[in-house]
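# Inside the fold
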Amino acid sequence: MLKTIMALGLLILAVSGCVNRDEIYANPPAELVTYVDQIMPAATAFVTENEQVALQKGSPLTAAQLVIADKIGLQDAEKVRVYYVDTLPFPQDPELAALAKKYGYSSPMMAAYTYGYGIWIKHSEKQNTELLAHELIHVRQAEQLGLNEQTKQYLMQLFIYGYSKAPMELEAYREAPKYK
């Protein structure tokens, strides 16, 4: 199925010439919607599991971090837990793992991931306020969309835009410097 999605992506690029990814995102091909629906159970399990780990093992936001969360517009900042780790989680599901590698989600340069109210940050980035703000913006996105819908839309954006141009990522990168 992954090959089908890759072929679909190439077809979209070939047919559209100057690609309007916003148009594709607004009206995604039925095959892409079907594929995302098929991988959602594995993606949801991965996201939920990692949110739970961070919620259980992570620390609540500090007073200074709560101020940032409030400025970002979080509704339930007290639910957030930040879990500082040496290694970020990686999907064990073979299809999700392949997608993570293909779309840049598994880059060694990644410093943090957010799963609902659970934020994973590498120890080396513990003092990086801009990174925390970026991740808190993802928490806000999950609050606004609901975790399941955020996961689905994030996958759609990865397929259509790629990681570096996904609207959810661009929003977080654009806003985060305001809060450091």
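In what follows, the structure referred to is the one given above.
Rules behind the numbers
- Residues numbered from 1 in each chain as written.
- Predicted model: local features only at pLDDT ≥ 70, side-chain atom pairs only at ≥ 80, totals over all residues.
- Heavy atoms only, no water.
- Helix = DSSP H or I, 4+ residues; strand = E, 2+ residues; numbered from the N terminus.
- Rg over C-alpha atoms; globule rule 2.2 N^0.38 Å.
- Buried < 20%, exposed > 50% of the residue type's maximum accessible area, 1.4 Å probe, protein only.
- Contact = heavy atoms within 4.5 Å.
- Areas by Shrake-Rupley, 256 points an atom, 1.4 Å probe, with all protein chains shown as cover.
- Lys, Arg positive; Asp, Glu negative; His and termini not counted.
- Charge placed at Lys NZ, Arg CZ, Asp CG, Glu CD.
- Pairing = 2+ DSSP bridges.
- Core = buried A, V, L, I, M, F, W, Y, C linked by side-chain atoms within 4.5 Å.
- Axes fitted to C-alpha atoms, helices over the stretch in contact; angles between N-to-C directions.
- Parallel < 35°, antiparallel > 145°, perpendicular 65-115°, else oblique.
- Phe/Tyr/Trp six-rings, centres within 6.5 Å; stacked < 30°, edge-to-face > 60°.
- Lys NZ or Arg CZ within 6 Å of the ring centre and 35° of its normal.

### A word on the overall build of the protein chain
Counting its secondary structure elements, the protein chain contains eight helices and four strands. For the protein chain, the α and β elements follow one another from N to C terminus as α-α-α-β-α-β-α-β-β-α-α-α. Since a compact globule built from 180 residues should have a radius of gyration of about 16 Å, the 17 Å found for the protein chain is in line with a globular shape. The C-alpha extent of the protein chain, read off along each of the three principal axes, is 50 × 30 × 25 Å. Looking at the protein chain residue by residue over its 180 residues, the buried ones come to 47%. Taking the contacts inside the protein chain whose residues are at least 6 apart along the sequence as the reference set, 70% of them involve residues at least 24 apart. By element, 55% of the accessible surface of the protein chain is carried by carbon and sulfur atoms, the whole surface being about 9,400 Å². Positive and negative side-chain charges of the protein chain, numbering 16 and 20 respectively, have mean locations separated by a distance of 5 Å.

### Some details on the sheet that holds strand β4 (residues 118-122)
Read from one edge of the open sheet, four strands run β1-β2-β4-β3, paired in mixed fashion. The open sheet has two edge strands, β1 (59-60) and β3 (112-115), and neither has a second partner. Bridge count between β3 and β4: four bridges; the pairing is antiparallel. The residue bridging A112 from the neighbouring strand is I121, located in β4.

### Structural notes on the pairing of β4
By the criterion of burial, β4 is predominantly enclosed, with five of the five residues buried. Of the two faces of β4, both are covered, the one formed by G118, W120 and K122 as well as the one formed by I119 and I121. With five bridges connecting them, strand β2 (residues 81-85) and β4 associate as parallel partners. When the bridges of β4 are listed, Y83 appears paired with W120. Connecting the antiparallel pair β3 and β4 is a turn made up of two residues, with G116 showing a positive phi of about 65°.

### Overview of the nonpolar core
Grouped together as the largest cluster of nonpolar side chains are 31 residues, with contacts concentrated most on V36, L99, Y105, Y115, W120, L155 and F159. Listed in part, the 23 residues of the second largest apolar core include A69, V80, L132 and A176.

### Considerations on the packing of helix α3 (residues 30-57) against helix α5 (residues 94-102)
Geometrically, a packed helix pair is captured by the angle between its two axes and the distance between the axes. Running from N to C, α3 and α5 cross one another at 95°; their axes reach a closest spacing of 10 Å. When the interaxial angle is binned, α3 and α5 end up roughly perpendicular. Each of Y35, I39, A42, A43 and F46 in α3 lies in contact with α5, whose residues at this interface are E95, L96 and L99.

### Considering the packing of aromatic side chains
For the coordinates displayed, the defined rule picks out six aromatic pairs. On the basis of an interplanar angle of 90° and a centroid distance of 5.6 Å, the ring pair of F46 and Y115 is categorised as edge-to-face. Note that F46 is positioned in helix α3 and Y115 in strand β3, a separation of 69 residues in sequence. By the burial criterion, F46 is buried, and Y115 matches it. Aromatic rings pair up to connect Y35, Y103 and F159 into one cluster. Lying over the aromatic face of Y103, K102 brings its terminal NZ or CZ to 5.0 Å of the ring centre. Lying over the aromatic face of Y84, K126 brings its terminal NZ or CZ to 4.9 Å of the ring centre.

Function cannot be inferred from these measures alone, as they are strictly geometric.
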